[in-house]
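# Observations on chain architecture
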Amino acid sequence: MTTVHLYRGRRWLGWYNSPGSYTVAKKFGQLANSRFWDGLFPGPNLTPAEIFGLDGKPGPRYWGVFSGTEMATGHLAYLMVQKTKEIEAEAEVEGRETTPLSVTIVDVSDRVVKHLDRAPMMSVHHALLAAIPITINFATCAISAASGDWLAFALIMLGIISSGVSCLVMGTARLEFASVKEAAQGVPPADGVLLMRTDVVILRGAEKDIDPITKGKFDLKMDGYPEFRRIGFCSLLLLAQFLLQLLLIPQASTFGQIMFLTSLAASWAYNSFLSSLEREKIQIDILMKALRDPPMLKIALKNRAAQAVFVCLVLSDDIRRPPNSDFKPKEVLQCFIPNETRVWNTWKNKVVEELEKHEEEKSFEFSSSDLSRFKDDEKELLRSLLQDAHNAYRGYQKHIRKIRPIPSS
């Protein structure tokens, strides 16, 4: 039932005696919102999108490096992050290895997703496999009637009708994108980062293009808001199906019971197939389809210091960086490495100094006199960190053609 909005034509193909009607009734009956329905189907009154698993997953923290926006994200950002985990790294920055890390660059442009846009649906070919359980269910129904077992016929037909009607009613909802209606004029580019424990996703694009990912969500528009009485009646029908079949099927003949179990087995096999198609993966495919498959590039790195410098280099690119921008490399470094020791602060200051040298070769090295005030172990650590910064810079220069810009696939 949770895939009814994801496949084209799926809502018309629920006419089979589906098992698990009690579970479906108990879950979706919570959508119906009144004292009567709350008493019959107790539980939290979630939104339709949350009930159908289309919303509710928290996304990573987003930081817009030019705009200064910092906020928690939602379901669509979560899906974007899951997509970046699927792709393989196209290049690797050499250096000392502590923890495998990555930076994924995603270019979003042309505002392909707008507020209240209808979400694209997946192909109908998976849903058409429903013809198999539908045919088997109607065949077992007809055979039961032909054998004279009208009770088995009625119980199978009850399951067919209740499942078909419920699928049809719930499938009338429209899956849309809810986002910011219109971005403010004159805002700086929304280039920013989605921050996770080991991986970083850099989103590049205008505010209007990135808002649907960072501030948007799936919205399931259902008729009958806010009570959703039709959903309540469908859940009641499914509950009645469960109780009547449970109580009356033992009264049917042995042959009728075999026909009933055959119909359930065919329906269960089809439902299991739909469940094997990961719902989250389907949602990711829908999001990517709506965004017209934005180009992505993943770079693997081997330690946090190199990752921080690499992100700074990507974001401080003069081609994308707006003139007189408020981009501050030290804030980026501080976000990744909040350590406030003397060595780390010296390293950050040196990296910032080099990053602010435009059109010049960067040198992440200290002279002997600069290092004289440090202890031996501090000197060793500082040299190691500066080498990490140098490796990140060399890796950036080596792959700059891939990074600026990313070619569309």
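What this report covers is the structure whose coordinates are included nearby. Everything numeric here is computed off the predicted structure, so don't read it as measured data. (Residues numbered from 1 in each chain as written. Predicted model: local features only at pLDDT ≥ 70, side-chain atom pairs only at ≥ 80, totals over all residues. Heavy atoms only, no water.)

### Comments concerning the overall build of the chain
Threshold: Secondary structure elements are defined from DSSP: runs of H or I of at least 4 residues count as helices, runs of E of at least 2 residues count as strands, and each element is numbered from the N terminus. For the radius of gyration, the atoms used are the C-alpha atoms, and the globule rule reads 2.2 Å times the number of residues raised to 0.38. Three exposure classes are used, based on accessible area relative to the maximum for each residue type with a 1.4 Å probe and protein chains only: buried under 20%, partly exposed in between, and exposed over 50%. By the convention used here, residues are in contact when the closest approach between their heavy atoms is within 4.5 Å. Here the open area of atoms and residues is found with the Shrake-Rupley method and a 1.4 Å probe, where only the protein chains shown may cover a residue. Positive charges come from Lys and Arg, negative ones from Asp and Glu, while His and the chain ends are left out of the count. Charge positions are represented by NZ for Lys, CZ for Arg, CG for Asp and CD for Glu.
A tally of regular secondary structure across the chain gives 16 helices and nine strands. The C-alpha atoms of the chain give a radius of gyration of 28 Å, which is well past the 22 Å a tight globule of 409 residues would have. Once the C-alpha set of the chain is aligned to its principal axes, its extents read approximately 100 × 45 × 40 Å. In the chain, which comprises 409 residues, the proportion classed as buried is 51%. Counting only contacts in the chain whose residues sit at least 6 apart along the sequence, the fraction spanning at least 24 positions is 78%. Of the roughly 19,400 Å² of accessible surface on the chain, 55% is carried by carbon and sulfur atoms. The chain carries 49 positive and 46 negative side-chain charges, and their two centres are separated by 4 Å.

### Concerning the state of the cysteines
Condition: Disulfide assignment relies on a single distance test, namely cysteine sulfur atoms paired within 2.5 Å.
Summed over all chains, the structure comprises zero disulfides. Cysteine C141 shares no disulfide, and the gap to the nearest cysteine sulfur, in C167, comes to 18 Å. C141 gets classed as buried once you look at its relative accessible area, which sits at 1%. Its sulfur unpaired, C335 is 9.7 Å from the next cysteine sulfur, which belongs to C312. When its relative accessible area of 26% is taken as the criterion, C335 is described as partly exposed.

### Here's the deal with the layout of surface pockets
The following threshold applies: Of the two site types, the cavity is a set of points on a 1 Å grid over the protein atoms alone where a 1.4 Å probe fits but cannot get out, and the pocket is an open set with protein on both sides within 12 Å along at least five of seven lines, each lined by residues with an atom within 4 Å of a point. Grid points are joined across faces, edges and corners, and a volume is the space filled by probe spheres set on the points. For this classification, the nonpolar set comprises Ala, Val, Leu, Ile, Met, Phe, Trp, Tyr, Cys and Pro, the charged set comprises Asp, Glu, Lys and Arg, and every other residue, Gly included, is treated as polar.
Counted as a void, the largest pocket has a volume near 420 Å³. Lining the largest pocket are 23 residues, and of these M1, T2, S18, V24 and N271 lie nearest its centre. Looking at the lining of the largest pocket residue by residue, the class counts come to nine nonpolar, eleven polar and three charged.

### Observations concerning the pairing of strand 9 (residues 296-301)
Filter applied, for reference: Note on pairing: DSSP must find at least two bridges between two strands before they are called paired.
Counted residue by residue, strand 9 has six buried out of six residues, so it is predominantly covered. Neither face of strand 9 is left uncovered, since the one carrying M296, K298 and A300 and the one carrying L297, I299 and L301 both have all their residues buried. Across two bridges, strand 3 (residues 91-92) lies against strand 9 in parallel orientation. Bridged to A91 within strand 9 is I299. Where strand 4 (residues 101-107) lies against strand 9, six bridges are found, and the strand directions are antiparallel. Residue pairing for strand 9: I105 is matched across the bridge by L297.

### Examining helix 7 (residues 207-214)
Since the α-helix turns once every 3.6 residues, residues separated by three or four places project in the same direction. Counting buried residues along helix 7, seven of its eight residues qualify, which places the element largely inside the surrounding structure. Listed as buried for helix 7 are E207, D209, I210, D211, P212, I213 and T214.

### What to know about the nonpolar core
Filter applied, for reference: Buried Ala, Val, Leu, Ile, Met, Phe, Trp, Tyr and Cys residues form a nonpolar core when they are joined through side-chain atoms within 4.5 Å.
Of all hydrophobic cores here, the largest spans 57 residues; its most connected members are F52, L54, F177, F218 and L291. The residues touching L54, leaving out its near neighbours within four places in the chain, are L6, A49, H75, L175, F218, L220 and Q283. Listed in part, the 47 residues of the second largest apolar core include I299, A306, A308 and L315.

### Describing the sheet that holds strand 1 (residues 61-64)
Read from one edge to the other, the open sheet built from seven strands follows the order 2-1-6-7-4-9-3, with strand pairing classed as mixed. Two strands close off the open sheet at either side, each with one partner strand: strand 2 (70-72) and strand 3. Of the strand pairs in this sheet, strand 1 and strand 6 (residues 192-195) are connected by four bridges, and their pairing is antiparallel. Residue pairing for strand 6: G64 is matched across the bridge by G192.

### Considering the packing of aromatic side chains
Worth spelling out the cut-off: Aromatic contacts are taken between Phe, Tyr and Trp rings whose centres are within 6.5 Å, Trp giving its six-membered ring; a plane angle under 30 degrees counts as stacked, one over 60 as edge-to-face, and the others as tilted.
Per the stated rule, a full pass over the model turns up twelve aromatic pairs. Ring geometry for F310 against Y396: centres 6.1 Å apart, planes inclined by 80 degrees, an arrangement best described as edge-to-face. Of the two residues, F310 sits in helix 11 (residues 304-315) while Y396 sits in helix 15 (residues 376-398), which places them 86 residues apart along the sequence. There is no split in this pair, since F310 and Y396 are both buried. Centre to centre, the rings of W344 and W347 are 5.5 Å apart; their planes meet at 85 degrees, and the pair counts as edge-to-face. A residue pair is termed a helical-turn pair when its members lie 3 or 4 positions apart in one helix, as W344 and W347 do in helix 13 (residues 342-355) at three residues. There is no split in this pair, since W344 and W347 are both buried. Clustering of aromatic rings is evident, with ring pairs tying together F36, W37, F41 and F233.

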